[in-house]
Amino acid sequence: MVRASEGWPADADFVDYVRARQGRLLRAAFLVCGDVHLAEDLLQGALVKLARSWDRVRDEQPDAYVRRILYHDAVSSWRRRRREVVGLDATAVGPAVPGADDRVVRRLDVLRALDALTPRQRATVVLRYFEDRSERETAEILGVSVGTVKSQTHDALARLRQAVPTLDLDPGGVR
C-alpha cells in the first residue's frame, strides 16, 4: 500500500472524489480526443497527477486542476504522436433503434467534423459547449488568453458549419 508520505493521498476523500467524477471526466476526455482508449489514458494520467497534489488542491478547486491537466495533456499527446484515423463508414453501422438512421448518420458526421478540428479548437468547443464554461474559464483551463478562446471557438464553429451544414448552430452556441 502506498503511503501519503510518498506523495499519495491517504484518505477516502480522494477515492470519493474520483468515484463521483470519473464518468464525467472520462466523457470530457473522449470528447476532446475522440478515442476511448486515449481518453482513458489521459484521464488516468490526470488523476495520477491530481493524486500527487491532492493535499494541496483538495480544499481549493480540484475539478479545475484535474481538467486543466486533462486538456493540456490531450493537446500535448497530439503533438507527440502521429495522428492515425480509421474512417467510419456510415453505411456499415446500422441503427440501434428502428427509424434512427438519421441520428446515426448525423452523429457520425459530427464525430468526423470534430476529428477535423485542431486540438485547441476541439478543446475550446468541448469546454464552451459540453461543459458550458465561460470564455474566461476556458482560457484559464487551457492557459491561453480570452482572445485566443474567442478566435479558436469562432474558427471551430466555422469548420463545423462547413463540415456539417445541417448541424443546428445558432449565434448563441451549439444546440
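Just above sits the structure.
Conventions and cut-offs
Residues numbered from 1 in each chain as written. Predicted model: local features only at pLDDT ≥ 70, side-chain atom pairs only at ≥ 80, totals over all residues. Heavy atoms only, no water. Helix = DSSP H or I, 4+ residues; strand = E, 2+ residues; numbered from the N terminus. Buried < 20%, exposed > 50% of the residue type's maximum accessible area, 1.4 Å probe, protein only. Axes fitted to C-alpha atoms, helices over the stretch in contact; angles between N-to-C directions. Left-handed = near helix turned anticlockwise from the far one by under 90°. Contact = heavy atoms within 4.5 Å. Nonpolar A, V, L, I, M, F, W, Y, C, P; charged D, E, K, R; others polar. Salt bridge = Lys/Arg side-chain N within 4 Å of Asp/Glu carboxyl O. Expected span 1.5 Å × (residues − 1). Bend = angle between axes of the 7 residues up to and from the residue. Polar contact = N/O pair within 3.5 Å; in protein donor to acceptor, adjacent residues only side chain to side chain. Phe/Tyr/Trp six-rings, centres within 6.5 Å; stacked < 30°, edge-to-face > 60°.

Q: Help me out: how do you make sense of unusual backbone geometry in this one?
A: Keep in mind that most residues, glycine aside, have a negative phi and that most peptide bonds are trans. Positive phi is not limited to glycine here, since D132 has a value of about 55°. By the element assignment, D132 lies in the loop between helix 5 (119–130) and helix 6 (135–142). Looking at D132, the relative accessible area reads 66%, which means it is exposed.

Q: What is the right way to read the packing of helix 1 (residues 12–33) against helix 2 (residues 36–57) from this model?
A: How two helices pack is summed up by the angle between their axes together with the distance between the axes. It is at 9 Å that the axes of helix 1 and helix 2 come closest, and there the two elements cross at 140°. The way helix 1 lies across helix 2 gives a crossing that is right-handed. Residues D13, F14, Y17, V18, Q22, L25, L26, A29, F30 and C33 of helix 1 form the contact with helix 2, whose participating residues are V36, L38, A39, E40, L42, L43, L47, L50, A51 and W54. For the contact of helix 1 with helix 2, a count of residues per class yields 17 nonpolar, 1 polar and 2 charged.

Q: Would you mind showing me how to read the pattern of salt bridges here?
A: Any two side chains of opposite charge can pair if their charged atoms end up close together. Throughout the structure, instances matching the rule amount to 9 salt bridges. Of the charged contacts in the structure, one is a salt bridge between D115 and R122, with a shortest N-O distance of 2.9 Å. For D115, a relative accessible area of 26% puts it in the partly exposed group. For R122, a relative accessible area of 2% corresponds to the buried category. One salt bridge in this structure joins E131 and R133, with 3.2 Å as the shortest N-O distance. The same class applies to E131 as to R133, namely buried.

Q: Before we go on, may I ask you to explain helix 2 in this structure?
A: Owing to its 3.6 residues per turn, the α-helix aligns residues three or four sequence positions apart on the same side. In a regular helix each residue adds 1.5 Å, so 22 residues correspond to 32 Å; helix 2 covers only 27 Å between its end C-alpha atoms and thus falls short of that length. Along helix 2, the helix axis deviates most sharply at A51, where the bend reaches about 45°. Inspection of helix 2 places L38, A39, L42, L43, A46, L47, L50, A51, S53, W54 and V57 among the buried residues, and these make up the whole buried set. You can read the cap of helix 2 off the contacts: a side-chain oxygen lies 3.1 Å from the backbone nitrogen of H37, and it is on D35.

Q: Which parts of the structure should I look at to understand the packing of aromatic side chains?
A: Here a ring pair, both rings aromatic, is described through the centre-centre distance and the interplanar angle of the planes. As enumerated under the stated definition, the model contains 2 aromatic pairs in all. Ring geometry for F14 versus W54: centroids 5.2 Å apart, planes at 75°, classification edge-to-face. On the criterion of sequence distance, the pair formed by F14 in helix 1 and W54 in helix 2 is long-range, its members being 40 residues apart. The burial state of F14 is the same as that of W54; both residues are buried. Note on Y17 and W54: the rings are 5.3 Å apart at their centroids and 50° apart in plane angle, and the pair reads as tilted. One end of the pair, Y17, is in helix 1; the other, W54, is in helix 2, with 37 residues separating them in the sequence. Assessed through its relative accessible area of 3%, W54 is described here as buried.

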